[in-house]
Amino acid sequence: MTNALVAPDSFTLRGALNGSVFAAAMQAHFRRGILRSIFLYGVFTLFACFGRVEAWAQDTAAEEASHRAIVIARFPPGAAQVLFGRESMPAEGPPQAIGSYARGCLSGAIALPADGPNWEVMRPSRNRAWGHPVLIAFLERLAQKLPGEAGWPGLLVGDIAQPRGGPMLTGHGSHQIGLDADIWLTPMPNRRLSPTERDSISATDVVARDGRDVDPAAWTPQHRLLLEAVAREPMVERVFVNPAIKRALCREGEPHQAWMAKIRPWWGHNYHFHVRLYCPSDSPQCRGQAPPPQGDGCGRELDWWFTHEALHPAPSGPGKPLRLDDLPWACTALVAAPAGQGLQLRGAAQ
């Protein structure tokens, strides 16, 4: 009796297989399976933190207020999101990005002015235009050079960080240390938007409805030039875009460019892109992240984002409250505890 052995990589081993050859093939398959599992674990772990971002990124002021009220009602009063979310002014002292992009806080923040020569701050009612001075100076400089370098008239800037950084009640898992900023994929208009307009209008969705490519009616050569100009900046660590945008950049740009490796695909980000800076030298407690994988990111790793599991991920559950204990110790000094409740510090002696 002859048995047909079918390997999981869609090829059939027929006839009598040499035992060592079969063992080597199976070991290779299992190694690929393990590596894929590690990759998916990392992706979906991050999705648990960031998966809700795009759902709320375009919320109007009324929608944002409603979502905040729901979260506040569900979270305990000592949750880190509640404590940092209620701070309306920055912490005094020298600028310090403390912790990691998704578990940290910010002291000495400054705000990006609501209006500049080539930028406007959007969703002002959220009070999230605060950042490390290095990021604020970067955005101001970037906005001024883009008209000549990319044909982009100016920036519409979305969320940066809260006055003292830290985890947010709505919309973001990162943006906690003042080194992340959302920039709309809509060029700045030739007039000043009113506060009401900034809190209500929507950005431009440049991705086709099926999520597999950009929308040719919305995507322009200036979008590519904008993203390339941002990614070429030495201070930029990563730029997060929708996978369809990454696909368009790979198709339209020159291959194997160093700046292309900084452009990372992520769910959502069809209305805006997310720029992240390296840790500044004045912040020894800032924890950066590992560099992107080698290569331009236009190969098989990009193909995964257009599989069924990536295009239709399982919905994430509601976010869990974080404790101050989950953040670096220095963050506890940046927020006050609710009335009648002590700070959640590390260890009984503290």
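Please read all numbers here as calculations on a predicted model, not as lab measurements. (Residues numbered from 1 in each chain as written. Predicted model: local features only at pLDDT ≥ 70, side-chain atom pairs only at ≥ 80, totals over all residues. Heavy atoms only, no water.)

A. Main features of the overall build of the protein chain. Along the backbone of the protein chain there are 11 helices and 13 strands. Counting every position in the protein chain, which comprises 350 residues, the buried fraction comes to 48%. Taking the intrachain contacts of the protein chain between residues at least 6 apart in sequence as the baseline, contacts between residues at least 24 apart amount to 77%. If you sum the accessible surface of the protein chain, you get close to 16,700 Å²; carbon and sulfur atoms cover 59% of it. (Helix = DSSP H or I, 4+ residues; strand = E, 2+ residues; numbered from the N terminus. Buried < 20%, exposed > 50% of the residue type's maximum accessible area, 1.4 Å probe, protein only. Contact = heavy atoms within 4.5 Å. Areas by Shrake-Rupley, 256 points an atom, 1.4 Å probe, with all protein chains shown as cover.)

B. Structural view of the state of the cysteines. Evaluation of the coordinates by the stated rule reveals 3 disulfides. With its sulfur 2.0 Å from that of its partner, Cys105 forms a disulfide with Cys331. What sets the handedness of the Cys105 and Cys331 disulfide is the S-S torsion sign, and at about -90° it is left-handed. Of the two residues, Cys105 sits in strand 4 (residues 103–107) while Cys331 sits in the segment after helix 11 (308–311), which places them 226 residues apart along the sequence. According to the relative accessible area criterion, Cys105 is buried, its value standing at 0%. (Disulfide = S-S within 2.5 Å.)

C. Local environment of the side chain of Gln58. Along the chain, Gln58 falls in the loop between helix 2 (53–57) and helix 3 (61–74). A polar contact is formed between the side chain of Gln58 and the backbone nitrogen of Ala203, at a distance of 2.8 Å. Discounting chain neighbours no more than four positions away, the residues touching Gln58 are Glu63, Arg123, Arg126, Trp184, Ile201, Ser202, Ala203 and Tyr271. (Polar contact = N/O pair within 3.5 Å; in protein donor to acceptor, adjacent residues only side chain to side chain.)

D. Spatial organisation of empty space enclosed by the protein. One pass over the full model with this rule turns up 3 cavities of 30 Å³ or more. Approximately 60 Å³ is the volume attributed to the largest cavity. Residue composition of the lining of the largest cavity, grouped by class: 3 nonpolar, 3 polar and 4 charged. (1 Å grid on protein atoms, 1.4 Å probe; cavity = no way out; pocket = protein on both sides within 12 Å on 5 of 7 lines; lining within 4 Å. Points joined across faces, edges and corners; volume = space filled by probe spheres on them. Nonpolar A, V, L, I, M, F, W, Y, C, P; charged D, E, K, R; others polar.)

E. Focus on the packing of aromatic side chains. Overall, the coordinates contain 5 aromatic pairs when judged by the stated rule. Between Trp267 and Trp304, the aromatic rings sit 6.2 Å apart at their centres with planes inclined by 80°, giving edge-to-face as the arrangement. In this pair, Trp267 sits in the loop between strand 12 (263–265) and strand 13 (272–277) while Trp304 sits in the loop between helix 10 (300–303) and helix 11, placing the two residues 37 residues apart along the sequence. Between Trp267 and Trp305 the ring centres are 4.8 Å apart and the planes differ by 70°, which places this aromatic pair in the edge-to-face class. Placement of the pair is Trp267 in the loop between strand 12 and strand 13 and Trp305 in the loop between helix 10 and helix 11, with a sequence separation of 38 residues. Relative accessible area serves as the criterion here: at 13%, Trp267 is assigned to the buried category. (Phe/Tyr/Trp six-rings, centres within 6.5 Å; stacked < 30°, edge-to-face > 60°.)

F. Quick peek at the pattern of salt bridges. Within the structure shown, the criterion is met by 20 salt bridges. A salt bridge links Asp115 to Arg198, with the nearest nitrogen and oxygen atoms 2.4 Å apart. Here Arg198 lies in helix 6 (residues 195–198) and Asp115 lies in strand 6 (residues 115–116), a separation of 83 residues in the sequence. Of the residues examined, Arg198 reaches a relative accessible area of 5% and is grouped as buried. Because the salt bridges share partners, they merge into one network encompassing Glu64, Arg68, Arg126, Arg128 and Asp159. (Salt bridge = Lys/Arg side-chain N within 4 Å of Asp/Glu carboxyl O.)

G. Representation of the pairing of strand 4. Buried residues dominate strand 4, accounting for 4 of its 5 residues. Here strand 3 (residues 96–100) runs beside strand 4; their pairing, made up of 5 bridges, is antiparallel. Each bridged residue has a counterpart across the sheet, and for Ile98 the counterpart in strand 4 is Cys105. The turn linking strand 3 back onto strand 4 is made up of 2 residues. (Pairing = 2+ DSSP bridges.)

H. How the structure looks around the environment of Ala80. Examined against the element boundaries, Ala80 turns out to sit in helix 4 (residues 80–85). Residues contacting Ala80, with those up to four places away along its chain left out, are Gly85, Pro167, Leu322, Arg323, Leu324 and Leu327.

I. Spatial organisation of the pairing of strand 11 (residues 236–241). Burial of strand 11 is extensive: 6 of the 6 residues sit out of reach of the surface. Pairing of strand 11 with strand 12 involves 3 bridges; the strand directions are parallel. Along strand 12, the bridge assignment pairs Val241 with Pro265.

J. Expanded view of unusual backbone geometry. For His175, which is not a glycine, the phi torsion comes out positive at approximately 60°. Inspection of the secondary structure assignment puts His175 in the loop between strand 9 (155–157) and strand 10 (180–184). With a relative accessible area of 1%, His175 lands in the buried category. One non-glycine residue, His269, adopts positive backbone phi at about 55°. Here His269 lies in the loop between strand 12 and strand 13.

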